[in-house]
Every structure is written in structure tokens, then in C-alpha cells.
Amino acid sequence: MELIYQSRSGMAMKSIGIDIREANGFGAGKGRYAEEITQALIRQAPDVEFFLFTKEPNPRFKNSKNVHQVVIHGRSILWHLHLRRYLNHHPVDVFIAPTSYIYPAIAPRSQKIVTVVHDLIAFLHSKDHHWFPTLVERLTLKPAMKKTKLIVTVSNHTWRDLELQLPDVQNTAHLVVTPAIGENVHYVEDHRMQLPERFLLAVGTLLPRKNIQGVIKAFEQIAESKPKLNLVIAGGKGWKTSEIYKSIPAWLENRIHFLGYVPHHELMELYSRAQMLVFPSFYEGFGIPPLEAMACGCPVITSNVSSLPEAVGDAGVLIDPESTEELAEAILEMLGPQRQSLAKERAYKHVQSFSWDKSASLLLEQLLK
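For every chain, the first residue of its written sequence is number 1, and the numbers climb from 1 along that sequence. Only residues with pLDDT of at least 70 are given local features in this predicted model, and only at 80 or more are side-chain atom pairs given and counted; all residues enter the totals for whole chains, interfaces and linings. Side-chain numbers here rest on the full set of heavy atoms in the structure, without hydrogens or water.

A.B. asks: Sorry, what's going on with the sheet that holds strand S12 (residues 300-303) here?
C.D. replies: Think of a sheet as strands paired side by side through backbone hydrogen bonds, with each pair either parallel or antiparallel. DSSP bridges decide pairing: two strands pair if at least two such bridges lie between them. The helix and strand labels rest on DSSP assignments: H or I over at least four residues marks a helix, E over at least two residues marks a strand, and numbering proceeds from the N terminus. The strand order S10-S9-S8-S11-S12-S13 describes an open sheet built from 6 strands, whose pairing is parallel. Edge positions in the sheet fall to strand S10 (256-260) and strand S13 (317-319), since each of these pairs with one other strand and no more. Averaged over all adjacent pairs, the angle separating strand axes in this sheet is 25°, with direction ignored. Docked against the sheet, helix H12 (residues 324-334) engages strand S8 (199-203), strand S11 (276-279), S12 and S13, running at close to 165° with respect to S13. To get an axis, a line is fitted to the C-alpha atoms, and for a helix only the part in contact is used. The angle between two axes follows their N-to-C directions and goes from 0 to 180 degrees. Only heavy atoms matter for contacts: two residues are in contact if any of them lie within 4.5 Å across the pair.

So this is what it looks like as C-alpha cells:
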């Protein structure tokens, strides 16, 4: 089906600007969302000109007839001020801010802004988050929402959180545009990494919010009865990481393996070889790792809070992240061959409902209303 994009005035939507600074291919979260939704928008709207604003040329995007990378210099707030000056002289029909509220907060009211809200961590879990990004988001979210013409959230739960924090957003157009998984996310037969034969997998930056300590405690409860089982943790250092290391019992040190940051393409091997993904986060705006794990045939145990039930549907096992006993019981149950087979079958079916192209089409359709 050929898509024809028309604005309210009947004129074709000619240009979209997007902040792609974090679309660097590292990890999941906001950066991956920025990269994937931008690529999908470009695929879905070949007749629209895209101006991709960055600090340095991004090899993940190729300049073409309708794609132009614009390098803006400056650090922190200066980058956004320089961006504002550039757009004053070279306006675009729509500007999408997929990772930051700063430009939407300082943009002229005449600019049509689409702002993506991933989560409300800075407001709901500020003690578990680094102080500087927390401060920036707290200062810029409200003014950004006042100037935004379309608010995009990555889940219904994030929208409900936003409504509670800023009730006035109900007067602004809103759309849920969920993350998805790329075509390169699938089961692989690779054995390039040195990994234990049988292991549980935890993925995520080492932050209190990710509840890695809860995973370690649950593993401690079952480790004696499963002497060949290991725990592999993939994620870069974050806020209060040292507390996670201190929580490891001495007798389990040789069975808990910290890999540090793992490039996205290598995560496919981890998902494909793991017995399951254990992801009992206390809060997520959406939760891409469970979805990616499912695409690789990896059973998922995750939390019954925030947006995670939305992300995994009935294909994952939901537990109370505050209960290590419940998590340990779920792990033991999932280790059963029949339970694993059923989980994999449901997982493959569930991920088919998520598509970056579908998400991009929803966004483009809303921009024309």
C-alpha cells in the first residue's frame, strides 16, 4: 500500500527533523529507540526530507536524496541553543525529540514538536538514578510538554505516569508508539563467547532500579540444588554499582559472571544460549530486553509492575520484583523442559505483534491529523 502524507492544510508534509545524537547502536533503551524509529520513518516516507541532527556524522545513517545529516556543535545546553538557531534559519515542518526534553522546552511555540516520553524515572525513582540527568529532566519536562504538539509514549503505563505527574498533558494529542525488534534479532547458533554450559541471564545497566541484587539473592536460594547452573550478568556500570558487587556471597563468586557492556549484536548469542532471561526490574518505560529475548527463543521471567506486563503479555512469567522467593520459585519452574518449550512457543508468537514499521506508520498517520 502506497502511503501519501498530507498535512491539515492539504500540503504534503515536506520535512521532518530528528535529534539522533543517541542513535549510536549501543545497547537498548532510548538510543536504540531513536535509531530504529528514525530508520523506519525514513523507510515509510520516501518522499519526505529528513534532517538528522547530530554531534558528528553517524555511519548508521547514509546521506541520500531525502536524508541529510546536520552536524551541530556544542556540549549540553549549548548544543540545543545552536540547534534552535539553526532551525530558526532552516525550519522543518515537524521536529521529533526521541531522547531529550531540552530542545522542546526551549523551542519557539511556532515549531511543531513531537516529544517522546520513555519513562518517569526522574520523578518516580530519582534516588536510584544519577542526580544530573534527573535534575535536567525535572527542569525540562513540564516546559517541554507545554510546547509539544504531539506527545509520544512508549507504553500506556508511561502515559498514565505522565498524566499523574502533569495532568495538563491530557489537553495535548497523545500516541503510544511502542518499541519493537529489528530483523537482526533472532535465534543464533553462535558459540563465540566463553560462557557456562547452563546459565540464567540478566541484562541491563547495573543500577538499583534493575534489581540485579534481587536476581543474585534468588540465584543464591536455588544454587545449591542446581550445582551446574550459573548466572551471567550483561550490562555496563551505572549508579551504585559497587553495592551489587558487595551483595555476592563468597561461595558463589565463581558461578556469577559479569560481562560488562555487551554490544547489541552479541546479545543475540546470550539470549539464544541462556536457559532464560531474568528481568525483575522495579520500573521500566517499556522493556526491550524481554522482547528481544523472546525473539531469540529465550523464556522470560519479569516483573508484574510498570509497563512490563504490557511488553511481555501472556508470553512471559510475571513475578513480584520485591519477592526473591517468588522469583526463585519461578526460575525453578522455568527450568523444566516442558515449561521452557511452552514459553518459547508463546514468545515467538508474541513478538510478531511488534514492528518498527508499524510503529512508524502510526506516528506518520498521527502527524497528518
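A.B. asks: Whenever I open this one, the packing of helix H1 (residues 29-44) against helix H14 (residues 356-367) confuses me. Can you help?
C.D. replies: Axis angle and axis distance: for two packed helices, these are the angle between their axes and the distance between the axes, and together they describe the pair. Two numbers describe how H1 lies on H14: the axes approach to 8 Å, and their chain directions differ by 70°. What the angle tells us is that H1 and H14 run roughly perpendicular. Residues Tyr-33, Glu-36, Ile-37, Ala-40, Leu-41, Arg-43 and Gln-44 of H1 pack against Trp-356, Asp-357, Ser-359, Ala-360, Ser-361, Leu-363 and Leu-364 of H14. The labels follow the angle: roughly parallel below 35 degrees, roughly antiparallel above 145, roughly perpendicular from 65 to 115, and oblique for the rest.

A.B. asks: Quick question: what am I supposed to make of the packing of aromatic side chains here?
C.D. replies: Geometry of an aromatic ring pair is reported as the spacing of the ring centres plus the angle between the planes. Ring pairs shown here join Phe, Tyr and Trp side chains whose ring centres sit within 6.5 Å, with only the six-membered ring taken for Trp; geometry is labelled stacked below 30 degrees between planes, edge-to-face above 60, and tilted in between. For the structure on display, the rule yields 6 aromatic pairs. Ring-over charges, as used throughout, are those where CZ of Arg or NZ of Lys falls within 6 Å of the ring centre and within 35 degrees of the ring normal. One cation-aromatic arrangement involves Arg-21 over Trp-79; the distance from NZ or CZ to the ring centre is 4.3 Å.

A.B. asks: Sorry, what's going on with a nonpolar patch on the surface here?
C.D. replies: Residues enter patches when they are more than 30% accessible in relative terms and free of salt bridges; like-charged ones are connected within 9 Å and nonpolar ones (Val, Leu, Ile, Met, Phe, Trp, Tyr) within 5 Å. Note on areas: these come from Shrake-Rupley sampling with a 1.4 Å probe, and a residue is covered only by the protein chains present in the view. Basic side-chain nitrogens of Lys or Arg form a salt bridge, by our definition, when they fall within 4 Å of a carboxyl oxygen of Asp or Glu. A cluster of nonpolar side chains, Trp-131, Phe-132, Leu-135 and Leu-139, forms an exposed patch at the surface whose accessible area comes to about 440 Å². Along the chain, Leu-139 turns up in helix H5 (residues 131-147).

A.B. asks: What should I look at first to understand a positive patch on the surface in this one?
C.D. replies: Where like charges cluster on the molecular surface, the positive patch consists of Arg-109, Lys-142, Lys-146 and Lys-149. For Lys-149, the position within the fold is in the loop between H5 and strand S6 (150-153). Think of it in three bands: residues with accessible area under 20% of the maximum for their type are buried, residues over 50% are exposed, and the middle band is partly exposed, with areas taken using a 1.4 Å probe on protein chains only. For Lys-149, a relative accessible area of 38% translates into the label partly exposed. Residues scored as charged are limited to Lys and Arg (positive) and Asp and Glu (negative), so that His and the chain ends carry no count. By convention, charge coordinates are those of NZ in Lys, CZ in Arg, CG in Asp, or CD in Glu.

A.B. asks: Would you take a moment to explain the sheet that holds strand S2 (residues 49-54) for this structure?
C.D. replies: Overall, parallel pairing links the 7 strands, which are arranged S3-S2-S1-S4-S5-S6-S7 in an open sheet. Edge positions in the sheet fall to strand S3 (67-71) and strand S7 (173-176), since each of these pairs with one other strand and no more. The average angle at which neighbouring strand axes cross in this sheet is 20°, direction not considered. Across 4 bridges, S6 lies against S7 in parallel orientation. Within S7, the residue paired with Leu-150 across the bridge is Ala-173.

A.B. asks: Sorry, what's going on with the nonpolar core here?
C.D. replies: The nonpolar side chains of a soluble globular protein tend to be buried, and buried together. Here, the term nonpolar core denotes a set of buried Ala, Val, Leu, Ile, Met, Phe, Trp, Tyr and Cys residues that are joined through side-chain atoms within 4.5 Å. Counting 67 residues, the largest nonpolar core has Ile-16, Leu-270, Tyr-271 and Leu-363 as the members making the most contacts within it. Broken down by element, this core gets its largest block of residues, 6 residues, from H1. Discounting residues that sit within four places of it in the chain, Leu-270 has contacts with Met-193, Leu-195, Phe-199, Leu-201, Val-232, Ala-234, Leu-259 and Val-262. Ranked by size, the runner-up nonpolar core spans 29 residues in total, among them Leu-200, Ile-216, Ala-223 and Leu-335.

A.B. asks: Help me understand the pattern of salt bridges in this model?
C.D. replies: Where charged atoms from two side chains of opposite charge approach closely, those side chains can pair. Tallied over the entire structure, the rule returns 9 salt bridges. Close ionic contact of Arg-21 with Asp-19 constitutes a salt bridge, the shortest N to O distance being 2.7 Å. Here Asp-19 falls in the buried class, since its relative accessible area comes to 3%. A salt bridge links Glu-333 to Arg-339; the nearest nitrogen and oxygen atoms lie 3.6 Å apart.

A.B. asks: Sorry if this is basic, but what is going on with helix H7 (residues 212-223) here?
C.D. replies: Its 12 residues place the ends of H7 16 Å apart at the C-alpha level, agreeing with the 16 Å of an ideal helix rising 1.5 Å per residue. Among all positions in H7, only Ile-212, Gly-214, Val-215, Ile-216, Ala-218, Phe-219, Ile-222 and Ala-223 are buried. Tucked into the core, H7 has its buried residues touching S8, strand S9 (230-234), helix H8 (241-246), S10, S11 and H12. Expected helix span is taken as 1.5 Å per residue step, with the number of steps being one fewer than the number of residues.

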